[in-house]
Amino acid sequence: MSSEAPAVGGGGGGEANGIPPNVTIYINNLNEKIKLEELKKSLNAVFSQFGKILDVLAFKTLKHKGQAWVVFEDVASATEALKRMQDFPFYDKPMRIQYAKTKSDVIAKADGTFVPREKRKRVDEKPEKKQKREQHHEATQMGMGVNAYPGVYGAPQLTQLPIAGGQRVMMPEIIVPNNILFVQNLPHETTPMMLQMLFCQYPGFKEVRMVEAKPGIAFVEYGDEQQAAAAMTQLQGFKITKENQMVITYAKK
């Protein structure tokens, strides 16, 4: 990962404040209580549906708290992510997204315009703005965010059915609609908090339950059947990654 954040950009989908669309988006208003490594992995999980991600940057310094940068391989992916995820409730706070002012190091190195940070500082910065740059190498393990719940609901009787890409997922027998959803085809690195930030945006959300011994599945509980149905309709087929399209059904109670 690069150790230096690009400068912050100005507004929406087109050129704003002289800043044209580019491959790096700047995100702020992030929940500052989330551990750094979990934040990076969650951002990668949420934004990878829009295209290949080259880098995710976030820092522990006070100056950079509540902020992150996501570097895509192409401008189209960055633009789509900006439009689709603006104000998305991420860890209970709406994301504010705009284009970054400058290239991240990974892009500058790729196109041959990279200047080592020390040289760039002497040339670009005014004396009064020079500061000692802090570099942080994070080794914290990804936090769970919320605890895995000890009790789980019974999964329905299952039958294998193919989906796009040749994958096979387990589809239930006919189950009576109820307030608990059974979610499948999740990437194994999915945490309860990642799912919570997706499902909590719909009314009636109560909790997420995952089975540690069975990665790739989860149960999501709502207040009633109608609320569960609304969430299922909105999130059915949501891609946590490009390869993992969520399959949602009712759980067998």
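Here goes a summary of the coordinates provided. All values reported here derive from a predicted model rather than from experimental measurement.

### Concerning empty space enclosed by the protein
Over the atoms, a rolling probe the size of a water molecule traces out where space has been left empty.
Piece 1. On inspection of all chains with the given rule, the structure shows one cavity of 30 Å³ or more.
Piece 2. The wall of the largest cavity is formed by A45, V46, M194, M197, L198, F238 and I240.
Piece 3. Elements supplying a minimum of two residues to the lining of the largest cavity: α1 (36-47) and α5 (192-199).
Piece 4. If you tally residues by element for the lining of the largest cavity, the top one is α5, at three residues.
Piece 5. Among the residues forming the lining of the largest cavity, the class breakdown is seven nonpolar, no polar and no charged.

### Remarks on the packing of aromatic side chains
Piece 1. Within the structure shown, the criterion is met by seven aromatic pairs.
Piece 2. Taken together, a centroid distance of 5.3 Å and an interplanar angle of 45 degrees make the contact between Y26 and W69 tilted. Taken together, the residues Y26 in strand β1 (residues 24-28) and W69 in strand β3 (residues 68-72) connect sequence positions 43 residues apart. Grouping residues by exposure puts Y26 and W69 together as buried.

### Here we look at the pairing of β3
Within a regular strand, the side chains alternate between the two sheet faces.
Piece 1. Counted residue by residue, β3 has five buried out of five residues, so it is predominantly covered.
Piece 2. Where strand β2 (residues 53-57) lies against β3, four bridges are found, and the strand directions are antiparallel. Across the sheet, I53 pairs through a bridge with F72, a residue of β3.

### Considerations on the sheet that holds strand β12 (residues 247-250)
Strand pairing in a sheet relies on backbone hydrogen bonds. The paired strands run either parallel or antiparallel.
Piece 1. Strands sit in the order β10-β11-β9-β12 across an open sheet of four strands; the sheet is antiparallel. Pairing within the sheet leaves two strands with one partner each, and these edge strands are β10 (205-210) and β12. Direction aside, the axes of adjacent strands within the sheet are offset by 25 degrees on average.
Piece 2. In terms of strand pairing, strand β9 (residues 180-184) meets β12 through four bridges, oriented antiparallel. Paired with L181 across the bridge in β12 is Y250.
Piece 3. Against the sheet, α5 makes contact with β9, β10, β11 (218-222) and β12, and its axis sits at roughly 150 degrees relative to β10, the strand it touches most.

Analysis parameters
Residues numbered from 1 in each chain as written. Predicted model: local features only at pLDDT ≥ 70, side-chain atom pairs only at ≥ 80, totals over all residues. Heavy atoms only, no water. 1 Å grid on protein atoms, 1.4 Å probe; cavity = no way out; pocket = protein on both sides within 12 Å on 5 of 7 lines; lining within 4 Å. Points joined across faces, edges and corners; volume = space filled by probe spheres on them. Helix = DSSP H or I, 4+ residues; strand = E, 2+ residues; numbered from the N terminus. Nonpolar A, V, L, I, M, F, W, Y, C, P; charged D, E, K, R; others polar. Phe/Tyr/Trp six-rings, centres within 6.5 Å; stacked < 30°, edge-to-face > 60°. Buried < 20%, exposed > 50% of the residue type's maximum accessible area, 1.4 Å probe, protein only. Pairing = 2+ DSSP bridges. Axes fitted to C-alpha atoms, helices over the stretch in contact; angles between N-to-C directions. Contact = heavy atoms within 4.5 Å.

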